[in-house]
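# Reading the structure
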Amino acid sequence: MSRSAHPAGPRYADVLPEGHYAAPPADLNALDPKVWSRTVARDEYGVVTVGGIPVTRLAEEFGTPAYFLDETDFRTRCRSWRDAFGTDADVFYAGKAFLSRAVVRWLHEEGLNLDVCSAGELATALDAGMPAERIALHGNNKSTEEITRAVEAGVGRIVLDSFQEIVRVAHIAERLGKRQRVQIRITVGVEAHTHEFIATAHEDQKFGLALAGGQAAEGVRRALKLDGLELVGIHSHIGSQIFDTSGFEVAAHRVVGLLKQVRDEHGVELPEIDLGGGLGIAYTSDDDPREPQEIATALREIVTRECAAAGLAVPRISVEPGRAIVGPTAFTLYEVGTVKELPGLRTYVSVDGGMSDNIRTALYDAEYSVALVSRTSAAAPMLSRVVGKHCESGDIVVRDAFLPADLAPGDLLAVPATGAYCRSMASNYNHALRPPVVAVADGAARVIVRRETEEDLLRLDVG
């Protein structure tokens with residue numbers, strides 16, 4: 001049986017499934033603006049710059065690996081989400097994507113609210129000056145201490161996740177002499193993926209109270225009876241890295257159905273619904289994310305239509321973008337150490353970081369882009385796998401990429417769209433030191449989360 005030629009050359013055709021790879025990009029030096037942050041460009045010498053600063057200078061000053069966060073891009077995305085939803089809706093930045101005191105201050109200044117899901121995230125938010133009433137607390141197993149601190153601080157809402165938590169939060173609020181605003185998280189039986197949704201059998205998860213079987217309705221009944229709680233709405237979250245609104249349409253239909261049931265049974269119209277986050281970004285040129293204005297228009301139309309059909313007033317909508325704001329604003333800068341060609345397979349490019357600064361490829365089989373950023377190259381494309389320095393065969397940063405065939409030790413590579421979940425999920429595996437986060441804007445760079453040191457590691461090891 002004949003075999004067609006592989007775009008990377010005949011040696012790859014024997015080991016890779018036919019059609020598995022697209023052709024190499026026409027220009028290995030090009031930077032797709034969908035994938036890179038707004039101020040990233042190449043200068044007249046071919047070196048990539050961010051905020052007007054060459055990555056070669058950034059590497060000299062801050063070392064590698066390091067995360068470089070485009071503050072201008074971050075603030076612009078905050079404003080885009082705020083303006084798209086306007087004053088009659090709420091945008092909560094999902095802090096789990098990436099949180100630091102500088103980020104909290106930017107959010108506050110740009111008019112966004114903040115969603116936290118741990119005591120550490122709450123402490124960071126409060127310490128950096130985010131008003132407590134603009135904070136929401138999530139989590140499927142909030143401790144008594146976390147709930148107490150949130151109620152004492154006066155957070156704007158706590159999202160209840162179980163029957164036990166309904167009672168727990170009510171008891172703590174009453175003990176503190178407060179009435180806590182809450183939403184109930186429900187599982188609507190919709191799981192959204194990038195371009196599709198499946199509307200069956202997704203109640204089997206740890207989050208929320210299932211709509212099917214009446215758990216969600218029972219949660220509402222219990223919450224409405226407790227003096228320590230002010231039930232203000234329903235919360236729904238259907239997935240991550242979502243590129244269309246089809247799943248939201250089904251979810252909104254079911255959430256509004258519950259609101260109608262609540263009104264008919266209790267004579268109460270709950271004033272809020274939160275449709276969660278999970279909006280996608282472009283990790284590669286094949287991804288096609290939606291703009292905030294398009295998302296806001298679609299969600300408003302869906303909710304308005306469903307409420308009109310149910311005879312309900314339109315509630316205040318909330319959304320929780322995290323990745324969609326911070327994800328595209330940062331890239332990780334690495335130095336190439338070893339370039340190892342495996343004839344008949346591919347070339348392995350080892351960098352000075354790896355799964356300790358980006359676990360997502362190993363954990364989720366996530367796809368990323370990568371580029372040579374310390375210079376341009378006219379060399380032929382080389383099918384590559386960018387890997388880290390850890391003692392794991394699964395220590396992969398970018399599984400499949402085309403890089404210039406003249407790549408050499410000392411070159412700088414950058415992986416874009418690493419603002420979300422990379423630093424948040426970073427580890428000290430192999431006692432690696434977690435990289436710094438450096439904010440760049442208007443020709444200036446400053447550390448907002450410093451690089452760990454060996455002293456940091458040893459300080460925690462009490463011997």
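It should be emphasised that the depicted structure is a prediction, and the values quoted were computed from it without experimental measurement.

### Here's the deal with the overall build of the protein
In terms of helices and strands, the protein carries 13 helices and 23 strands. Relative to its length of 463 residues, the protein is compact, with a C-alpha radius of gyration of 24 Å against a globular reference of 23 Å. Here the C-alpha coordinates of the protein stretch approximately 70 × 60 × 45 Å along the principal axes. Across the protein, contacts joining residues at least 24 apart in sequence account for 70% of those joining residues at least 6 apart. On the protein, the mean spot of the 48 positive side-chain charges and the mean spot of the 65 negative ones are 3 Å from each other.

### Looking at the pattern of salt bridges
The tally for this structure, following the rule as stated, stands at 31 salt bridges. When the shortest N-O distance is used, the salt bridge between Arg77 and Asp73 registers 3.0 Å. Of the two residues, Arg77 and Asp73 both sit in helix α3 (residues 71-85), 4 residues apart, roughly one turn of that helix. The salt bridge partner of Arg375 is Asp411, with a shortest N-O separation of 3.0 Å. Taken together, the residues span a long stretch of sequence, with Arg375 in the loop between β18 (371-372) and β19 (381-387) and Asp411 in the loop between β20 (396-404) and β21 (412-416) at a distance of 36 residues. Using a relative accessible area of 22% as the deciding quantity, one classes Arg375 as partly exposed. Among the charged side chains, a salt-bridge network with shared partners connects Glu71, Arg75, Arg79, Glu109 and Glu110.

### A few points about the nonpolar core
Counting residues in hydrophobic clusters, the biggest one holds 108 residues, and the most contacted among them are Phe74, Phe85, Tyr93, Ile158 and Leu413. Discounting residues that sit within four places of it in the chain, Ile158 has contacts with Leu137, Lys142, Ile147, Ala150, Val151, Val169, Gln180, Arg181, Val182 and Gln183. Core analysis: the next-biggest nonpolar cluster, separate from the first, contains 23 residues, Val55, Phe62, Leu333 and Val438 among them.

### Here we look at the pairing of strand β16 (residues 330-342)
By the bridge criterion, 4 bridges tie strand β4 (residues 66-70) to β16 in an arrangement that is antiparallel. Residue Ala66 lies in a different strand from β16, and its bridge partner there is Leu333. Bridge analysis of β16 against β21 gives 5 bridges, and the strand direction is antiparallel. Across the sheet, residue Phe331 finds its bridge partner in β21, namely Pro416. Between β16 and strand β17 (residues 346-351), which follow one another and run antiparallel, lie 3 residues, and Gly344 among them has a positive phi close to 85°.

### Some details on the packing of aromatic side chains
Considering all chains together, one arrives at 7 aromatic pairs under this definition. Three or more aromatic residues joined by ring pairs form one cluster here, namely Trp36, Phe62, Phe68 and Phe331. Directly above the aromatic system of Phe163 lies the positively charged group of Arg222, at a separation of 4.0 Å from the ring centroid.

### Quick notes on the packing of α3 against helix α4 (residues 101-110)
A pair of packed helices can be characterised by two numbers: the angle between their axes and the separation between those axes. In the contact formed by α3 and α4, the axes pass within 10 Å of each other and the chain directions differ by 40°. Classified by the angle between their axes, α3 and α4 sit oblique to one another. Where α3 crosses over α4, the handedness of that crossing is right-handed. Where α3 abuts α4, its residues Glu71, Phe74, Arg75, Cys78, Arg79 and Arg82 lie against Val103, Trp106, Leu107, Glu109 and Glu110. Per-class residue counts for the contact of α3 with α4 are 5 nonpolar, no polar and 6 charged.

### A short note on helix α2 (residues 55-62)
Along α2, the residues classified as buried are Val55, Leu58, Ala59 and Phe62. Projection of α2 onto a plane perpendicular to its axis shows the buried side chains occupying an angular sector of 100°, all on one side. More than 90 degrees from the buried face of α2, the exposed residues found are Glu60 and Glu61. The first or second residue beyond α2 is Gly63, which carries a positive phi of 80°.

### What about the side chain of Ser236?
Counting through the fold element by element, Ser236 comes out in strand β13 (residues 229-236). Not counting residues up to four positions away in its chain, the partners in contact with Ser236 are Ile186, Val188, Ala251, Val255, Asp274, Leu275 and Gly276.

### Section: the environment of Ala210
By the element assignment, Ala210 lies in strand β12 (residues 209-210). Exposure remark for Ala210: the relative accessible area of 10% places this residue in the buried category. Linking Ala210 and Val188, residues 22 residues apart in sequence, is a C-alpha distance of 6.4 Å.

### Section: the sheet that holds strand β2 (residues 48-50)
The strand order β1-β2-β3 describes an open sheet built from 3 strands, whose pairing is antiparallel. A single partner strand is all that each edge strand has here, and the edge strands are β1 (41-42) and β3 (53-54). Two elements, β2 and β3, share 2 bridges in a ladder whose sense is antiparallel. From the neighbouring strand, Val50 faces β3, where its bridge partner is Ile53.

### Remarks on the packing of helix α6 (residues 144-153) against helix α7 (residues 163-175)
Between α6 and α7, the least distance of the axes is 10 Å, while the angle of their chain directions is 50°. Between α6 and α7, the angle is such that the two are oblique. Remark: the crossing between α6 and α7 carries right-handed chirality. Residues Thr144, Ile147, Thr148 and Val151 of α6 form the contact with α7, whose participating residues are Arg168, Val169, Ile172, Ala173 and Arg175.

### Some details on α7
Spanning 13 residues, α7 covers 19 Å between terminal C-alpha atoms, matching the ideal 18 Å at 1.5 Å per step. Buried residues of α7: Glu165, Ile166, Val169, Ala170, Ile172 and Ala173, and no others. All buried residues of α7 fall inside an arc of 165° around its axis, so they share one side. Exposed and oriented more than 90 degrees from the buried face of α7 are Gln164, Val167 and His171. Looking at the buried residues of α7, the elements they touch are α6, β8 (157-160), β9 (180-187), β12, α8 (215-224) and β13. Once α7 ends, the next one or two residues include Gly177, with phi positive near 70°.

Scoring rules and cut-offs
- Residues numbered from 1 in each chain as written.
- Predicted model: local features only at pLDDT ≥ 70, side-chain atom pairs only at ≥ 80, totals over all residues.
- Heavy atoms only, no water.
- Helix = DSSP H or I, 4+ residues; strand = E, 2+ residues; numbered from the N terminus.
- Rg over C-alpha atoms; globule rule 2.2 N^0.38 Å.
- Contact = heavy atoms within 4.5 Å.
- Lys, Arg positive; Asp, Glu negative; His and termini not counted.
- Charge placed at Lys NZ, Arg CZ, Asp CG, Glu CD.
- Salt bridge = Lys/Arg side-chain N within 4 Å of Asp/Glu carboxyl O.
- Buried < 20%, exposed > 50% of the residue type's maximum accessible area, 1.4 Å probe, protein only.
- Core = buried A, V, L, I, M, F, W, Y, C linked by side-chain atoms within 4.5 Å.
- Pairing = 2+ DSSP bridges.
- Phe/Tyr/Trp six-rings, centres within 6.5 Å; stacked < 30°, edge-to-face > 60°.
- Lys NZ or Arg CZ within 6 Å of the ring centre and 35° of its normal.
- Axes fitted to C-alpha atoms, helices over the stretch in contact; angles between N-to-C directions.
- Parallel < 35°, antiparallel > 145°, perpendicular 65-115°, else oblique.
- Left-handed = near helix turned anticlockwise from the far one by under 90°.
- Nonpolar A, V, L, I, M, F, W, Y, C, P; charged D, E, K, R; others polar.
- Arc of directions from axis to C-beta.
- Expected span 1.5 Å × (residues − 1).

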